[in-house]
Amino acid sequence: MQTKQLLFRACLILLISPPLIAQQEDLRKDQSFFFQQQILYQQWLDYNGLGKTLQVKTVEVEPQQVALYLALPYENADSVQAAWAQLKKDYQALHTGLSLEQALFFKMQHLMELRESLANIQLYDTYDTRKEPCFYRGIYVKDGLFRVDSSGCKSKSLDIYVSPADLKSAKKPSSAAFQKQYTQQYVFDKIHQYARKRYERNVCTGRNPKVSAPHIDGNIMRFEVTDLCKEVLKDAKNNDFCAFLNQYVKPCNWIQREKLTFTFIYQAKDNAFQLKCELEGKVGSGYYDQVGRGGYLDMEIDLDGYLTDYATKLQYELKDILR
């Protein structure tokens, strides 16, 4: 019975989608109007004392969506986060009722003459497409409810200490031999090789995890692992419709995509070394082949327990492969 219902829904979607799309208005024909209104929006920000902190970056017009991008005049995520928090605090001290996010959204909707479902506001700490944004706010209305998506670059700390006494070999090396072998380059190479072996394997259909080349700056190494599936979120599952497609139509995998960012800091100690690691995790939609910029949300916001458990286990694994 359930299979028949899913099949009926799938057929119904295919039947009604073309007429609905045909009836929708293409917002791109009014693109010049939206560009003009962003000037008025900035004037409103200035008039209300918000313009010193918030600036209109640009407007992006798609067939059924208009995005207003705002920017804060700082170059690092910590400063952006602090400025945003202070702006919200100052606004609430002077205004009652609407939150800052609601005021920003409803003014955009008013000036650009849009229905709620067609408008959204996005803020990032960086608009350099070569960098992964850390701070993100997405403001929109969905299913009649006002929503604010957010992310930030919080991380889990791993601390690994290795000395000659920790090594597995029966004969422990001398301090000089240990220091000669366990150089920063040796340790970084060992970790990156392990990451490629561990993560670049096919766990889920249609996913191709990749470990980026290491970026080394002084005693710091960073790399990312993208397109992961069921790595941190071990119990993640396909939704019912995708499960139906898997069984009756074609292979389907809409399980959430995961991305991990590692930052390792090598510190030489007397007859030993210490390795500090910051682990950041993000999760994005599994529906699209590519998750766009801002499409990932920080795991620590809603999935903190998963990332904490994962980091704890990973710390022991990393120490084990170095011994």
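Reading the values: the criteria
- Residues numbered from 1 in each chain as written.
- Predicted model: local features only at pLDDT ≥ 70, side-chain atom pairs only at ≥ 80, totals over all residues.
- Heavy atoms only, no water.
- Phe/Tyr/Trp six-rings, centres within 6.5 Å; stacked < 30°, edge-to-face > 60°.
- Helix = DSSP H or I, 4+ residues; strand = E, 2+ residues; numbered from the N terminus.
- Buried < 20%, exposed > 50% of the residue type's maximum accessible area, 1.4 Å probe, protein only.
- Patch = residues over 30% accessible without salt bridge, like charges linked within 9 Å, V, L, I, M, F, W, Y side chains within 5 Å.
- Areas by Shrake-Rupley, 256 points an atom, 1.4 Å probe, with all protein chains shown as cover.
- Salt bridge = Lys/Arg side-chain N within 4 Å of Asp/Glu carboxyl O.
- Lys, Arg positive; Asp, Glu negative; His and termini not counted.
- Charge placed at Lys NZ, Arg CZ, Asp CG, Glu CD.
- Contact = heavy atoms within 4.5 Å.
- Axes fitted to C-alpha atoms, helices over the stretch in contact; angles between N-to-C directions.
- Parallel < 35°, antiparallel > 145°, perpendicular 65-115°, else oblique.
- Nonpolar A, V, L, I, M, F, W, Y, C, P; charged D, E, K, R; others polar.
- Expected span 1.5 Å × (residues − 1).
- Arc of directions from axis to C-beta.
- Left-handed = near helix turned anticlockwise from the far one by under 90°.
- Disulfide = S-S within 2.5 Å.
- pLDDT = per-residue confidence, 0-100.

Here we look at the packing of aromatic side chains
At step 1: All chains considered together, the criterion is met by 20 aromatic pairs.
At step 2: Centre to centre, the rings of Y182 and F273 are 5.8 Å apart; their planes meet at 20°, and the pair counts as stacked. Note that Y182 is positioned in the loop between α5 (175–181) and α6 (184–199) and F273 in strand β11 (residues 272–284), a separation of 91 residues in sequence. Neither residue differs from the other here; Y182 and F273 are each classed as buried.
At step 3: Aromatic rings pair up to connect F178, Y182, Y186, F188, Y266 and F273 into one cluster.

Digging into a positive patch on the surface
At step 1: Side chains of R201, K230, K234 and K313 sit close together on the surface and give a patch of like positive charge.
At step 2: Its place among the elements puts R201 in the loop between α6 and β7 (210–211).
At step 3: What makes R201 partly exposed here is its relative accessible area of 40%.

Looking at the environment of K88
At step 1: Position of K88 among the secondary structure elements: in helix α3 (residues 77–94).
At step 2: On the accessibility criterion, K88 (27% relative accessible area) is partly exposed.
At step 3: Sequence separation between K88 and E101 is 13 residues, and the spatial gap between their C-alpha atoms is 8.5 Å.
At step 4: Those residues in contact with K88, other than ones at most four positions away along the chain, are L100 and E101.

A few points about the packing of α3 against helix α4 (residues 100–112)
When two helices pack together, their arrangement is captured by the angle between the axes and the distance separating the axes.
At step 1: Packing of α3 against α4 leaves a shortest axis separation of 9 Å and a crossing angle of 85°. By the criterion of interaxial angle, the relationship of α3 to α4 is roughly perpendicular. Between α3 and α4, the contacting residues are W84, L87, K88, Y91 and Q92 on the first element and L100, E101, A103 and L104 on the second.
At step 2: Across the contact of α3 with α4, the residue classes tally to six nonpolar, one polar and two charged.

Some points on the environment of A311
At step 1: Locating A311 in the fold gives a position in helix α9 (residues 304–322).
At step 2: With a relative accessible area of 5%, A311 lands in the buried category.
At step 3: For the pair formed by A311 and E278, sequence separation is 33 residues and the distance between their alpha carbons is 9.4 Å.
At step 4: Apart from residues no more than four positions distant in its own chain, A311 is found in contact with K156, L158 and L279.

As for α3
At step 1: Between its first and last C-alpha, α3 extends 26 Å over 18 residues, near the 26 Å set by a 1.5 Å rise per residue.
At step 2: Those residues of α3 that fall on the buried side of the exposure criterion are A77, V80, A83, W84, L87 and Y91. One face of α3 carries all of its buried residues, which in axial projection span an arc of 125°. The exposed set on the far side of α3, more than 90 degrees from its buried face, consists of D78, K89 and A93.
At step 3: Tucked inside the fold, the buried residues of α3 contact α4, β3 (119–124) and β4 (136–142).

Let's talk about the packing of helix α2 (residues 31–47) against α4
At step 1: With their axes 9 Å apart at the nearest point, α2 and α4 run at an angle of 140° to one another. In this view, α2 runs oblique relative to α4, as classed from their interaxial angle. The interaxial crossing formed by α2 with α4 has right-handed handedness. Residue-level inspection shows F33, F34, Q37, Q38, L40, Y41, W44 and L45 of α2 in contact with α4, the latter providing A103, L104, K107, M108, L111 and M112.

Re the state of the cysteines
At step 1: Evaluation of the coordinates by the stated rule reveals one disulfide.
At step 2: What pairs with C204 in a disulfide is C229, and their sulfur atoms sit 2.1 Å apart. Judged by the sign of its S-S torsion, about -75°, the bond between C204 and C229 is left-handed. With C204 in the loop between α6 and β7 and C229 in the loop between β9 (220–228) and α7 (240–248), this pair connects stretches of sequence that are 25 residues apart. Accessibility assignment for this pair places C204 and C229 in one class, buried.

Here we look at the confidence of the model for the protein
Detailed reading of the predicted coordinates is not advisable wherever pLDDT is low.
At step 1: Taken as a whole, the protein shows an average pLDDT of 81; of its residues, 77% reach a score of 70 or greater.
At step 2: The least confident element of the protein is helix α1 (residues 2–23), whose mean pLDDT is 40; the most confident is α6, at 96.
At step 3: Contacts for the low-pLDDT stretch residues 1–22, under 50 throughout, to residues beyond four places or in other chains number eight contacts.
At step 4: Between residues 286–295, whose pLDDT stays under 50, and residues either more than four places distant or in other chains, the model counts 24 contacts.

A closer look at the pattern of salt bridges
At step 1: Here the structure, examined in full by the defined rule, presents 11 salt bridges.
At step 2: Put simply, R28 and D26 hold a salt bridge, and the shortest N to O gap is 2.7 Å.
At step 3: Classification of R28 as partly exposed rests on a relative accessible area of 45%.
At step 4: The class of D26 is partly exposed, set by a relative accessible area of 29%.
At step 5: D159 is paired through a salt bridge with K276; the nearest N and O atoms lie 3.1 Å apart. On the criterion of sequence distance, the pair formed by D159 in strand β6 (residues 156–162) and K276 in strand β11 is long-range, its members being 117 residues apart.
At step 6: A relative accessible area of 30% places K276 in the partly exposed class.
At step 7: Because the salt bridges share partners, they merge into one network encompassing K168, D320 and R323.

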